[in-house]
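Analysis of the macromolecular model
Read off the chains here:
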Amino acid sequence: MTDKKLKTEPYKGVRDFYPEDMAIQRYIFDMWSKTAESFGYERYDASILEPSDLYKSKGAENAEIINDQSYTFIDRGEREVTLRPEMTPTIARMVAGRRRELKFPLRWYSIPNLFRYERPQRGRLREHWQLNCDMFGGDDYSADVEIIALAYQTLINFGATPDMFEIQVNDRALMTRLYTAIGVNESAISAITKLNDKRNKIDTETYRNELVSIVNDETLAEEIIIMLDKSDEQTDVIVGLAELGINNVVFNKSLARGFDYYTDTVFEIFDKSGENNRSLLGGGRYDNLTQMFDNDPISGIGFGMGDVTMRDFLETHKLLPSHLKTTAPTLIIIPTDSALNLEAQKIAQFLRSRDIRVTTDIGTKKLGKKITDAADRGVIYAIIVGENEIKSNHFTLKNLEHNSEENGNIDELSTIIITNKK
Ligand code: HAM
């Protein structure tokens, strides 16, 4: 132990949520739940702790996330434990665990916090929350259309317009067919996909050289580049989205996604403002993930949408409502003297039974200062309690928003507050 004073900053790459940040977080989460539920998705959750094996078995392996980015430790019982870096293996575990009782197709959502040991930067932190919407047992391409339409609708519900963002779609199965058609060996495809993942972060020459070293053939590398850059594909999913009126969609053959478990459709959504280059969300179809628990695969498709990138997007496009309130109480009871503190609490207790959010002031500041502080916090009403008010059972209700007053007994005043709330 030392006498050195501790810093008040949170741990690297994680955030504190003071009430004003919490108000924004809550607004985002509420909109996420509302949208997911409007599509008939049911909420689930799980612990942040998972046995590390969940991320190591075949199908779930993701070298970067687990080798370089996971928070893994050995517990006191010698078990290897990981703070979940994503929710998809967890939902696959839960669905596989009850596969016999559950009704398919099944639609679930969750808002978990996830931990990744990343270098903190804009849009990337070590702890973030992520809306996860997934469907299991929906094999038809209309499931892909639905899940992307849900992602789209979430942004629209926040007030975004389609020109503010772009949906990029790719299809791994289709890409495999296109690669093999021009003579690429199947074993090289996953290396090419990984290279494509960083294609827009490296220059053309480096990309070309790395491609040549993967396929060992300069002409073939040229053909791959031509094939990737040709925008001639129309998939059922893109046509389906257009039928729902969703047109800000492009087919991007270089879109890779960092997870090995995706099998068919993959997609990401990007902010078009140029301010935020990290994807707002990413997802795809994974047909084999439940196979690590059971031989019978159940198909899954879903996405994750992060709160950090969501807030950046909303701030960039000025979509956050200005009136977002902290969870301040509706009413404050202010005694004129500390001898009346308990009287104030009695009145507060009665008003809470009428479903009003009430606090009392037990501070020692001057009355005027107490009232302005309360108004600054977003409190709407104040009742001043002195000897005379208690004796006469006649109180003044101050409306701090409109600077107006009403008089009456506590019962009458509570009715005014309740009626105004409606
Ligand atoms: P992901 O692409 O790793 O996918 O993450 C999805 C979204 O989560 C990203 O687009 C971004 O908004 C946010 N995100 C990811 N990492 C961070 C970070 N370090 N800091 C802040 N935000 C971050 C998945 O996790 C898949 N499991 C999604 C999924 C669900 N696929 C199917 N179902």
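Now for a description of the structure that goes with this document. (Residues numbered from 1 in each chain as written. Predicted model: local features only at pLDDT ≥ 70, side-chain atom pairs only at ≥ 80, totals over all residues. Heavy atoms only, no water.)

A look at the site of the ligand
What counts is decided by this rule: Here a residue is near a molecule or strand as soon as one of its heavy atoms is found within 4 Å of it. In the analysis that follows, any N or O atom pair within 3.5 Å is treated as a polar contact, provided that within protein one partner can donate a hydrogen and the other can accept it, and provided that, for residues neighboring in sequence, both atoms belong to side chains. Note on areas: Shrake-Rupley, 1.4 Å probe, and residue coverage restricted to the protein chains presented here. Comment: elements are numbered from the N terminus, with helices defined as DSSP H or I runs of at least four residues and strands as E runs of at least two. The residue classification treats Ala, Val, Leu, Ile, Met, Phe, Trp, Tyr, Cys and Pro as nonpolar and Asp, Glu, Lys and Arg as charged. All others, Gly included, are polar.
Close to the ligand lie 27 residues; Glu-86, Thr-88, Glu-118, Arg-257 and Tyr-262 are nearest. Glu-86 is positioned such that a nitrogen or oxygen atom in its side chain is 2.6 Å from a nitrogen atom of the ligand. Considered on its own, the ligand offers 660 Å² of accessible surface; in the complex 97% of this is hidden by protein. Breaking the shell around the ligand down by element, the ones donating at least two residues are β7 (127-136), β11 (281-286), β12 (300-306) and α10 (307-316). Looking at the shell around the ligand residue by residue, the class counts come to nine nonpolar, twelve polar and six charged.

A word on the nonpolar core
To be explicit about the condition: Only buried residues count toward a nonpolar core. Its members are Ala, Val, Leu, Ile, Met, Phe, Trp, Tyr and Cys residues joined through side-chain atoms within 4.5 Å. Per-residue accessibility, obtained with a 1.4 Å probe over protein chains only, is compared with the maximum for each type, and a residue is labelled buried under 20%, exposed over 50%, and partly exposed between these values. Residue contacts follow a heavy-atom distance rule, with two residues in contact if any of their heavy atoms lie within 4.5 Å.
Counting 64 residues, the largest nonpolar core has Phe-303 and Phe-313 as the members making the most contacts within it. The element contributing the most residues to this core is helix α4 (residues 141-157), with nine residues. For Phe-313, the contacting residues outside a window of four places in its chain are Leu-155, Ala-160, Met-164, Phe-165, Asp-271, Asn-276, Leu-280 and Leu-319.

Description of helix α1 (residues 19-38)
Heads up, the rule is: The span expected for a helix works out to 1.5 Å for each residue beyond the first.
End to end, α1 covers 28 Å across 20 residues, agreeing with the expected 28 Å (1.5 Å per residue, within 8%). Three or more residues of α1 are buried, namely Asp-21, Ala-23, Ile-24, Gln-25, Tyr-27, Ile-28, Phe-29, Met-31, Trp-32, Ser-33, Thr-35 and Ala-36. Against the buried residues of α1 lie β1 (42-43), β5 (106-110), β7, α4, β12 and α10. After α1 finishes, the residue Gly-40 shows a positive phi value of roughly 85°.

Considering the packing of aromatic side chains
Operational definition: Classification of ring pairs uses Phe, Tyr and Trp, with its six-membered ring standing for Trp, and accepts pairs whose centres are within 6.5 Å; under 30 degrees between planes counts as stacked, over 60 as edge-to-face, and the remaining range as tilted. We call a charge positioned above a ring when the Lys NZ or Arg CZ atom is no farther than 6 Å from the ring centre and deviates by at most 35 degrees from the ring normal.
For the structure on display, the rule yields 13 aromatic pairs. Relative to Tyr-286, the ring of Phe-136 has its centre 5.8 Å away and its plane inclined at 75°; by these criteria the two rings are edge-to-face. Residue Phe-136 is located in strand β7, and its partner Tyr-286 is located in strand β11; the two are separated by 150 residues in the primary sequence. Tyr-286 shares its class with Phe-136; the two are buried. Aromatic side chains Tyr-152 and Phe-165 sit 5.7 Å apart centroid to centroid with 55° between the ring planes, which places their arrangement in the tilted category. Of this pair, Tyr-152 sits in helix α4 while Phe-165 sits in strand β8 (residues 165-171), and the two are 13 residues apart along the sequence. Since its relative accessible area comes to 10%, Tyr-152 is described here as buried. Residue class for Phe-165 comes out buried when judged on its relative accessible area of 0%. Connected via pairs of aromatic rings, a cluster forms that spans Phe-136, Phe-259, Tyr-261, Tyr-262 and Tyr-286. Above the face of the Tyr-207 ring, Arg-199 is positioned so that its terminal group lies 4.6 Å from the ring centre.

A closer look at the layout of surface pockets
Selection criterion: A 1.4 Å probe that fits but cannot get out identifies a cavity on a 1 Å grid over protein atoms alone, an open set with protein on both sides within 12 Å along at least five of seven lines counts as a pocket, and a residue lines either if it has an atom within 4 Å of a point. Grid points are joined across faces, edges and corners, and a volume is the space filled by probe spheres set on the points. Each domain span listed reflects an automatic or database assignment of domains.
Reported here for the second largest pocket is a volume of approximately 340 Å³. The wall of the second largest pocket is formed by 17 residues, among which Leu-324, Lys-325, Thr-326, Thr-327 and Arg-357 lie closest to the centre. In terms of residue class, the lining of the second largest pocket is made up of eight nonpolar, five polar and four charged. Of the domains in this structure, domain 1 (19-48 + 84-316) and domain 2 (331-421) are the two that each give at least three residues to the lining of the second largest pocket.

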